[in-house]
Amino acid sequence: MPPGATPEPPDRPTALTGSRLRRSLQLMGRGMAASPRTYVLAVLASALFGAATVAVSRAVGWATDTVVVPAVAGDTAARGRIGEAGLVLAAVAATLAFSVWGRRVWAGWGYVNVGARHRRRLASAYLRLPMSWHRAHPAGQLLAHASSDVEAATGVFNPLPFALGVLVMIAVATVMLLLTDPWLALAALVVIPLTIVANIVFQRYMTPAVTRAQQLRGEVADVAHESFEAALLVKSLGTAGREEERFARSTDALRAANVRVGTVRALFDPVIDLLPNLGTLLVLAVGAWRASTGAVGPGDVVTAGYLLTVMAVPVRAFGWVLGELPRGLVGYERIARVVDQRAALEPGTQRLPQGEGGLAVRLEGVGLDVPGATSQDAGRQVTLLDDVTLDVAPGSTVAVVGTTGAGKTTLVSLLSRLSDPSRGRVLLDGVDARSLAAGELPAQVALVTQATFVFEDTVRGNVTLAEPGDTTFSDEEVWEALRVARLDEVVRALPEGLDAPLGERGANLSGGQRQRLAVARALVRRPRLLVLDDATSAVDPRVEQEILRGFEHSASTTVVMVAYRMSSVALADTVVHLAGGRVVDVGTHEELLARDPGYRDIATAYEVETRRRERAAADALDDEAAREAAEQDAEADEEAVS
Amino acid sequence: MSESARIASASSLGVMATLRRGVQISPQIVQGIGWTLALAVLAAAGRVVVPLAVQGTVDDGILAEGGPDAGRVATMVGLAAGALVLAGLCSALVNVRLVQRTEAGLATLRVRAFRHVHDLATLTQSTERRGALVSRVTTDVDTISLFVQWGGIMLLVSSLQILVATALMAVYSWQLTLVVWACFVPLYLVLRFGQRHVNAAFTRVRERVGSMLAAISEAVVGAETVRAYGVGARTGRRIDAAIEDARGSQGRAMRLVATTFSSGTLISNLALAAVVVVGAHLGVGGALTAGQVVAFLFLVQLFTGPVQMATEILNELQNAVAGWRRVLAVVETPVEVADAEDAVTSPRGPAQVSLRGVRFAYPGGPEVLHGVDLDLPAQSKVAVVGQTGSGKTTVAKLVARLMDPTAGEVLLDGTDLRAVSLASLRERVVLVPQEGFLFDGTVLQNAAYGLRDLESLGGAQDPRVRERVAGAFEVLGLTDWVDDLGQGLDTPVGQRGEALSAGERQLVAIARAYLAEPDLLVLDEATSAVDPATEVRIARALDSLTTGRTTITIAHRLSTAEASDLVVVVDAGHVVELGSHEELARAGGVYARMHASWVAQTR
């Protein structure tokens, strides 16, 4: 997959199928198939390494037999060849070193390629999957997929080319042994089934241990992520001790799981180490017997034994591959579960009519149910919206008013198709939002949410959300949007102006500044429908007024806003009163004030409260006066008594 | 304070210093190291004994004069197998011991670093990405853990094997031993030079991987914005660029590692060539027999094997050290808002707050408070009002000691906050920030988080806790709202509380702060996203409850100011007006104008 591929689900499932062996082979095969050139080079280098390893021992043997021993014995011709022997050995050494270099570099590149591919796929799944999916999956877990699960899934690719290259070496050795003597070959090859058996036993213990460790690793990341996000709360309540205990608990569970993994591995590693060595000893024992019967020459036994000794280390590469496989499968499967998720708000094919004026919005019997969020009531549905029917005329401004928790955010988020209604339709210029082609909605609808998300990018990048160099929005347009959102002066004061970088999540902006940035982000695209979800709660009331007044007489933008400030609500052509997910009443501010008591409670809350307080203050004054009078009377009485 | 402490991307300690400091923080790692080493010596000896036994078997058994001696071979093979099994057992034991001790030590390190992040000043915390902080206590520690599990034992055994092989070589020929060691001098130099680069490369890898994870986190945390603006493709490209960046840095590190490692291979085999040449000359000169030269050649291979293995492990060690440095960098970051050595416990009771000549500037920024003097009486309701950017939130943060003033002092009951122990300060003063952060859990669990005695009550499941939480919502007039939630107090709030609206999160946050029973409650726009009717209800409830408690409210909505005992008007970093709502409203100044415009907005 080239970088920048569009987020689409993979054509065929990423998940591995079949027996463990089959899945293991698939895991390795797919990884290598993704960067074939690198892996061909890596395996070739590894095979060269195998050949060069044998060559080194052959060269040492040759130098010993034909140069060193005769030279020491007094052969002058041999003495003259000492330098030559040195050069031959040096040449073989250089070949070996080159093969090692090549194997390492290409195997390393293959390894990082596989990891990068997993991460691209995960990121593209995160971008593709709908909000409902995101809400059901903790951020920490999703980030753990991209870090520790990818590491687990790719671990096997480091030793893999080595092991495959060594395969060539083993094949050659097997043929040589078979040609020498079948019994000797049998003795040498008995190691292989033993290794497989050891591995099966190993996998049986290792897989559950690794699964648990990976899962706990995700949990530790989750706890840390949540706790660090809550840093301000933790500080202000002074609960760092409690957080420490919570983190220590999950860390300790991970520690125990890691120890379990390490222990299984600690016991398996020496066994894998042991087997080739035992194989060598077996070859010597069997070889001695075969040689004593005269079936083979002593030299053949020495060669066979030597071959196994030389192969002991490279064969360990198999051990490494086998050792990494359980972890690799677990990590891969955790990734595949995300990548193969198909739940998505599939875009349609229709386009919105290109109009100059604002969009017409119509909601027809819209209802939205979500599954209960906890596992114990998975079957239960919670109704967030029910039977909402609403008409918003093009270019008009509509305020959605209701108490906290009435479903206002849920309602307006349907207009940007962050989710689809369970019942009914959302029509934009008469077109069902579900049938719109990808990109149509964001081109004409801008949503400003309660919490502003700031990208780690410059001010300009955060406003335009365009590629660097993309000139869809000119600097003038960006400044104009910033000016309307009243953020221009803040930006002008930054040394780099529009190019000033905003830290992660805009940490260097205040809450109100972040909201104004989000407003500028919406305004710059001159949307035909602007949805403000209590987007200006942290913004100065005057600024909010100015922003909204800009749309008051503009027919080119329809505005749907969730608002609490009555001055803002009063600017709306129509007010929708929402309660418990249902529309209670629709009309102008004055109409609702007159006929809708629930609305009146919200709209006049401050006024009523001020009056109540003034009354209470007056009563208190009266009370005090009365009390004072009573006290005076009492004193007078006491004096009278005395 | 012109510059707040930043969390360095990595500690500047050298390799040995890093290991020393690491062990200091995680002392468990070296617990029982004596036994572990003793076992490792046995394991290493086993590794040397076996090839020697093989060589012996070949020489004395198979190539014995008068034909192969099967009986002798069987005996020697049996002995070697025994040694092999014993060495394997020792290896297993060493592995288990190392894993247990290291994991215990690393768990300590994780918790220590985690706690330190929370102890850091708020300003320091915000200099580093949250995602990157998480990786310090997760993947960076994992790197160390992986190294110890795979590399630690090998490094130990290889080093011992090198010693044993050197001793054996010296027995045969000290001259050739010198030749071998001389060959490894250039390798040592290459490694010294190379490792600095390898080190830098791995530090870079970790940084790039950190940035990459931060980029991926934008797709997760910013999911809503990405969808609303249809910028999935752009975000994807940014992530892909970060992934490519990380991949590039990894590739470069791999190449460096390959170069240093293959130079180890090269030199090992060149040493073999040198021994052949020098050995042959020595033999010709009569200093050695041919048999000694041959035997020596065999020993050289026993020596070079572990040297190459050690080179390899040293590279991985660099990776682990890079991870270790990043974790240590967190622990080393100075805590700027910390307990003084002689910090006092501030006794519970009505809280009186004073500011004396308080000035404040954010790191690298202009001064935002220019000498504020204030006296806020105990048990009073104070409203701090002002335009955006006037400095009113800064006042709130200083009173809660989220940061210290650049000049002047903040006094709680006459004691400088810097002299009060943080534990007792946090118990008395609670700040409710605008963004009511909720943990992934139920409404009940989140509100109960405020209870000081939550642990002693047995956690949020305890019926007494439920009763108190329900009581708090009732007092705050929020029972109706709770009942309207799908599952009442047991309604899950989702991660970061996102299953609730911003206003609902604030309601839970208020209940949580209420349950913490502070003497001084600082509300920083804590009800900004709540509807007016609910806000008024909460304000009224808080009014009746704050008897005996001091409340400082930072608010845009002046309904709060109307209800307060004292209004503080902040403008451009100065307190410009101070008095009761009635006085200030009549005075015709800044406040009167603000209030008039507020009234106009709400009617």
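Per an unreviewed UniProt entry, chain B goes by ABC transporter ATP-binding protein and derives from Xylanimonas oleitrophica. Annotation of chain B in UniProt includes, under Subcellular location (unreviewed entry), the sentence "Cell inner membrane". Word for word, the UniProt comment on chain B under Sequence similarities (unreviewed entry) is "Belongs to the ABC transporter superfamily. Siderophore-Fe(3+) uptake transporter (SIUT) (TC 3.A.1.21) family."

For chain A, the name recorded in an unreviewed UniProt entry is ABC transporter ATP-binding protein, with Xylanimonas oleitrophica as its organism. Annotation of chain A in UniProt includes, under Subcellular location (unreviewed entry), the sentence "Cell membrane".

In terms of helices and strands, chain B carries 20 helices and 10 strands. Over its C-alpha trace chain B gives a radius of gyration of 35 Å, far above what one expects of a compact globule, namely 25 Å for 603 residues. Counting the 603 residues in chain B, one finds 61% classified as buried. Taking as baseline every contact in chain B between residues at least 6 positions apart, the subset at least 24 positions apart corresponds to 77%. Of the roughly 21,600 Å² that chain B leaves accessible, carbon and sulfur atoms contribute 59%. Mean positive and mean negative side-chain charge positions of chain B (51 and 57 charges, respectively) differ by 6 Å.

Before going further, it helps to spend a moment on the environment of Val 201 of chain A. All names here are of chain A. Positionally, Val 201 belongs in helix H9 (residues 191-229). Judged by its relative accessible area of 43%, Val 201 falls in the partly exposed class. Residues Val 201 and Phe 268, 67 residues apart in the sequence, show an inter-C-alpha distance of 9.2 Å.

Time to look at the sheet that holds strand S4 (residues 423-428) of chain A. Residues and elements named next belong to chain A. In spatial order, the strands read S2-S1-S4-S5; together these 4 strands make up an open sheet with antiparallel pairing. Both edges of this open sheet fall to strand S2 (381-392) and strand S5 (431-432), since each of them pairs with a single strand only. Judged from the 5 bridges that link them, strand S1 (residues 361-371) and S4 form a sheet pairing that is antiparallel. Across the sheet, residue Leu 363 finds its bridge partner in S4, namely Val 426.

Okay, the domain arrangement of chain B next. Once the domains are mapped, chain B shows domain 1 (26-331) and domain 2 (353-602). Once you take the C-alpha centre of each, domain 1 of chain B and domain 2 of chain B turn out to be 55 Å apart.

Residue and element names in this part refer to chain A. Across the sheet, which stays open at both edges, the 6 strands sit in the order S6-S7-S8-S3-S9-S10 with mixed pairing between neighbours. This sheet does not close on itself; its edge strands, each paired only once, are strand S6 (445-448) and strand S10 (582-587). Direction aside, neighbouring strands of the sheet carry axes that sit 15 degrees apart on average. As paired strands, S6 and strand S7 (residues 529-533) are joined by 4 bridges and run parallel to one another. Note that in S7 the partner of Ala 446 across the bridge is Leu 530. Packed onto the sheet, helix H13 (residues 408-415) meets strand S3 (397-401), S6, S7, strand S8 (558-562) and strand S9 (574-579) and runs at close to 155 degrees relative to S7. Its contacts with the sheet put helix H18 (residues 511-523) on S6 and S7, and the angle it makes with S6 is roughly 175 degrees.

Attention shifts here to the packing of helix H8 (residues 182-189) of chain A against helix H11 (residues 240-292) of chain A. A pair of packed helices is captured by two measures, namely the crossing angle of their axes and the spacing between those axes. Residue and element names in this part refer to chain A. It is the contact of H8 with H11, at a shortest axis distance of 8 Å, that shows an interaxial angle of 160 degrees. Overall, the two elements H8 and H11 adopt an arrangement that is roughly antiparallel. As H8 runs across H11, the sense of the crossing is right-handed. Across the interface between the two elements, Trp 183, Leu 184, Ala 187 and Ala 188 from H8 touch Gly 279, Leu 282, Val 283, Val 286, Gly 287, Trp 289 and Arg 290 from H11. Here the contact of H8 with H11 is built from residues that sort into 8 nonpolar, 2 polar and 1 charged.

Once that is clear, we can look at the interface of chain A and chain B. Every contact between the two is made by 167 residues of chain A and, on the other side, 163 residues of chain B. Of the roughly 14,700 Å² buried between chain A and chain B on both sides combined, carbon and sulfur atoms contribute 67%. If you sort the residues of chain A by the area they bury against chain B, Phe 228, Lys 235 and Tyr 606 of chain A come out on top, with a joint share of 6%. At the boundary of chain A with chain B, the tally comes to 8 salt bridges. With 33 residues, the single largest contributor to the side of chain A that touches chain B is H11 of chain A. Its residues assigned to classes, the side of chain A that touches chain B shows 89 nonpolar, 35 polar and 43 charged.

With that out of the way, let us pick up the confidence of the model for chain A. Overall, the prediction assigns chain A a mean pLDDT of 84, with 92% of residues at 70 or greater. Within the model, pLDDT remains below 50 along residues 1-7 of chain A, and this stretch shows 10 contacts once partners closer than five positions in the same chain are excluded.

Residue and element names in this part refer to chain A. Relative to the assigned elements, Ser 24 resides in helix H1 (residues 20-34). For Ser 24, a relative accessible area of 6% puts it in the buried group. Excluding residues within four positions of it along the chain, Ser 24 makes contact with Leu 325 and Leu 329.

Taken as a whole and assessed by the stated rule, the structure comprises 16 aromatic pairs over all chains. Judged by centre distance (5.9 Å) and plane angle (80 degrees), the ring pair of Trp 183 of chain A and Trp 289 of chain A falls under edge-to-face. Of this pair, Trp 183 of chain A sits in helix H8 while Trp 289 of chain A sits in helix H11; the two residues are 106 residues apart in sequence, bridging distant segments of the chain. Both rings, one in Phe 437 of chain B and one in Phe 439 of chain B, keep their centres 5.6 Å apart while their planes meet at 85 degrees; by these two values the pair is edge-to-face. Across the pair, exposure class does not vary: Phe 437 of chain B and Phe 439 of chain B are buried alike. Three or more aromatic residues joined by ring pairs form one cluster here, namely Phe 228 and Phe 247 of chain A together with Phe 114 of chain B. Looking at Arg 104 of chain A, its charged tip hangs above the ring of Phe 261 of chain B, at a distance of 4.7 Å from the centre.

Further remarks concern helix H2 (residues 36-73) of chain A. Residue and element names in this part refer to chain A. Taking 1.5 Å as the rise per residue, H2 with 38 residues should run 56 Å; its terminal C-alpha atoms sit 53 Å apart, in good agreement. By the largest-angle criterion, Thr 64 marks the main kink of H2, which is about 40 degrees. Where H2 terminates, the next one or two residues include Gly 74, which has phi positive at roughly 115 degrees.

Next up on the list: the UniProt feature "transmembrane region" (unreviewed entry) in chain B. Taking the UniProt record as the reference, the feature "transmembrane region" (unreviewed entry) is found at residues 29-53, 73-94, 153-172, 178-194, 256-278 and 284-303 of chain B. Taken end to end, residues 73-94 of chain B is 100% helix and 0% strand, and its two terminal C-alpha atoms sit 31 Å from one another.

Next up on the list: the side chain of Thr 38 of chain A. Residues and elements named next belong to chain A. Topologically, Thr 38 is positioned in helix H2. When its relative accessible area of 13% is taken as the criterion, Thr 38 is described as buried. Thr 38 has contacts with Trp 106, Trp 109, Gly 110 and Asn 113, leaving out every residue within four places of it along the chain.

A few words on the confidence of the model for chain B. Residue-level pLDDT values for chain B average 86, and 98% of them are 70 or greater. Overall fold confidence (pTM) sits at 0.80, and the ipTM for the predicted complex is 0.86.

Before going further, it helps to spend a moment on empty space enclosed by the protein. A volume near 400 Å³ is recorded for the largest cavity. Lining the largest cavity are 32 residues, and of these Thr 527, Glu 535, Thr 553, Ala 555 and Thr 560 of chain B sit closest to its centre. Sorting the residues of the lining of the largest cavity by element identifies strand S3 (381-385), helix H17 (532-545), strand S8 (550-554) and helix H18 (559-562) of chain B as the ones contributing at least two each. Sorting elements by how many residues they give to the lining of the largest cavity places H17 of chain B first, with 5 residues. Residue composition of the lining of the largest cavity, by class: 13 nonpolar, 11 polar and 8 charged. As a volume, the second largest cavity reaches approximately 110 Å³. Taken together, Gly 140, Leu 143, Ala 144, Ser 147, Ala 221 and His 225 of chain A together with Gly 131, Val 134, Ser 135, Thr 138, Thr 139 and Leu 213 of chain B make up the full set of residues lining the second largest cavity. For the lining of the second largest cavity, the secondary-structure elements that each account for two or more residues are helix H6 (139-154) and H9 of chain A together with helix H5 (130-137) of chain B.

Let's shift gears to the packing of H2 of chain A against helix H10 (residues 290-332) of chain B. At a minimum axis distance of 9 Å, the contact between H2 of chain A and H10 of chain B shows a crossing angle of 150 degrees. Taken together, the axis directions place H2 of chain A and H10 of chain B in an arrangement best described as roughly antiparallel. Once H2 of chain A is placed against H10 of chain B, the crossing between them reads as right-handed. Packed against H2 of chain A, whose contacting residues are Val 60, Thr 64, Val 68, Val 69 and Val 72 of chain A, the element H10 of chain B presents Ala 290, Val 293, Val 294, Leu 297 and Gln 301 of chain B at the interface. Among the residues forming the contact of H2 of chain A with H10 of chain B, the class breakdown is 8 nonpolar, 2 polar and no charged.

Turning next to the domain arrangement of chain A. Interface size is often expressed as the accessible area that is lost when the parts come together. For chain A, the assigned domains read domain 1 (20-339) and domain 2 (361-595). Computed over C-alpha atoms only, the centres of domain 1 of chain A and domain 2 of chain A are separated by 54 Å.

Analysis parameters
Here the residue numbering is sequential within each chain, running from 1 through the sequence in written order. The naming scheme follows written order: chains are lettered A onward, ligands numbered 1 onward. Thresholds applied to this predicted model are a pLDDT of at least 70 for local features of residues and 80 or more for the giving and counting of side-chain atom pairs; totals over whole chains, interfaces and linings are not thresholded and use all residues. Hydrogen atoms and water are omitted, and side-chain values are computed over all heavy atoms in the structure. UniProt positions are given in the numbering used here, feature names are shortened, and annotations may be inferred rather than shown by experiment. Secondary structure follows DSSP: runs of H or I at least 4 residues long count as helices, runs of E at least 2 residues long count as strands, and numbering of each begins at the N terminus. The size measure is the radius of gyration over C-alpha atoms, and the globule rule it meets is 2.2 Å times the number of residues to the 0.38 power. Only protein chains enter the accessibility calculation, which uses a 1.4 Å probe; a residue whose area is less than 20% of its type maximum is buried, one above 50% is exposed, and one in between is partly exposed. The contact definition used throughout considers only heavy atoms, calling two residues in contact when any of these lie within 4.5 Å. We get accessible surface area from the Shrake-Rupley algorithm with a probe of 1.4 Å; when it comes to residues, only the shown protein chains can shield them. Charge counting treats Lys and Arg as positive and Asp and Glu as negative, with His and both chain ends excluded. The atom standing in for a charge is NZ when the residue is Lys, CZ when it is Arg, CG when it is Asp and CD when it is Glu. Each pair of strands is called paired provided DSSP finds at least two bridges between the two strands. Boundaries of every domain are those given by an automatic assignment or by a domain database. Each axis is a line fitted through C-alpha atoms, taken for helices only over the stretch in contact, and angles between the N-to-C directions span 0 to 180 degrees. Convention used here: angles under 35 degrees read as roughly parallel, angles over 145 as roughly antiparallel, angles from 65 to 115 as roughly perpendicular, and any remaining angle as oblique. Helix crossings fall into two classes, left-handed where the near helix is turned counterclockwise from the far one by less than a right angle and right-handed where it is turned clockwise. Classification convention: Asp, Glu, Lys, Arg as charged; Ala, Val, Leu, Ile, Met, Phe, Trp, Tyr, Cys, Pro as nonpolar; all other residues, Gly among them, as polar. Note: buried area is the sum, over both parts, of the accessible area (probe 1.4 Å) each one loses when the two are combined. Salt bridges are counted wherever a side-chain nitrogen of Lys or Arg sits within 4 Å of a carboxyl oxygen of Asp or Glu. What pLDDT conveys is the predictor's confidence in a given residue, as a value from 0 to 100. Stacked, tilted and edge-to-face are the three classes applied to pairs of Phe, Tyr and Trp rings, where Trp contributes its six-membered ring and a pair requires centres within 6.5 Å; stacked means planes under 30 degrees apart, edge-to-face means over 60, and tilted covers the rest. As a reminder, the over-ring test applies to NZ of lysine and CZ of arginine, requiring each to be within 6 Å of the ring centre and within 35 degrees of the ring normal. Helix span is expected to be 1.5 Å times the residue number reduced by one. The term bend refers to the angle at a residue between two fitted axes, each drawn through seven residues, those ending there and those starting there. Both cavities and pockets are sets of points on a 1 Å grid over the protein atoms alone; in a cavity a 1.4 Å probe fits but cannot get out, in a pocket the set is open with protein on both sides within 12 Å along at least five of seven lines, and lining residues sit with an atom within 4 Å of a point. Grid points are joined across faces, edges and corners, and a volume is the space filled by probe spheres set on the points.

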